[in-house]
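A look at the structure
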Amino acid sequence: ILTRGAAAKIIASMKLGAEIAPALVTDKAPFSDVEPTNVFAGYIAYCSTKGYISGYSDGTFKPYAPLSGYAFAKMLFLPASQ
């Protein structure tokens with residue numbers, strides 16, 4: 001099962017490369033449920049800034065929630081703003 005956080009990691013790795021993406025960090029919680037210490041926080045912050053992903057209307061991202069194939073395809077091919 002692919003999670004939303006793992007999807008952000010995959011997208012960041014595809015965009016930046018496997019050498020650069022693991023170095024992504026953030027000092028600010030990108031969403032209310034994603035602390036800077038979360039294993040996916042750097043990836044989520046990068047993807048959110050670039051518009052590849054978006055959170056929920058309540059300000060959360062739910063990094064460990066399962067992701068459907070359709071939702072993952074949307075992340076891959078459409079900016080979150082569209």
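A few points on the structure. (Residues numbered from 1 in each chain as written. Predicted model: local features only at pLDDT ≥ 70, side-chain atom pairs only at ≥ 80, totals over all residues. Heavy atoms only, no water.)

This brings us to the overall build of the protein. Within the protein, the secondary structure is distributed over three helices and zero strands. When the helices and strands of the protein are placed in sequence order, the string is α-α-α. What you see for the protein is a C-alpha radius of gyration of 11 Å, in line with the 12 Å of a compact globule of 82 residues. Dimensions of the protein along its principal axes, counting C-alpha atoms only, are 30 × 30 × 25 Å. Out of the 82 residues in the protein, the part that is buried amounts to 35%. Taking as baseline every contact in the protein between residues at least 6 positions apart, the subset at least 24 positions apart corresponds to 65%. Working note: accessible area of the protein is about 5000 Å², and carbon and sulfur atoms make up 59% of it. (Helix = DSSP H or I, 4+ residues; strand = E, 2+ residues; numbered from the N terminus. Rg over C-alpha atoms; globule rule 2.2 N^0.38 Å. Buried < 20%, exposed > 50% of the residue type's maximum accessible area, 1.4 Å probe, protein only. Contact = heavy atoms within 4.5 Å. Areas by Shrake-Rupley, 256 points an atom, 1.4 Å probe, with all protein chains shown as cover.)

Our focus in this paragraph is the nonpolar core. A general trend in soluble globular proteins is that nonpolar side chains are found buried together. Ranked by internal contacts, the top residues of the largest apolar core, which has 19 residues, are I11, I44, C47 and I53. Of all the secondary-structure elements, those providing two or more residues to this core are helix 1 (4-16), helix 2 (41-50) and helix 3 (69-77). In terms of residue count, the dominant contributor to this core is helix 2 (five residues). If we ignore the near neighbours within four places in the chain, the residues touching C47 are A8, I11, A12, Y52 and I53. (Core = buried A, V, L, I, M, F, W, Y, C linked by side-chain atoms within 4.5 Å.)

With respect to the secondary-structure elements, T60 resides in the loop between helix 2 and helix 3. Of the polar contacts made by the side chain of T60, one reaches the side chain of D58; its length is 2.6 Å. Leaving out residues up to four positions away in the same chain, T60 has contacts with F31, S32, D33 and G55. (Polar contact = N/O pair within 3.5 Å; in protein donor to acceptor, adjacent residues only side chain to side chain.)

With 13 residues, helix 1 ought to run about 18 Å at 1.5 Å a step, and its terminal C-alpha atoms sit 18 Å apart, in line with that. Among the residues of helix 1, R4, G5, A7, A8, I11 and A12 are the ones counted as buried. Axial view of helix 1: buried residues confined to an arc of 155°, hence all on one face. Buried residues along helix 1 sit in contact with helix 2 and helix 3. In the stretch just after helix 1, G17 is the one whose phi turns positive, near 100°. (Expected span 1.5 Å × (residues − 1). Arc of directions from axis to C-beta.)

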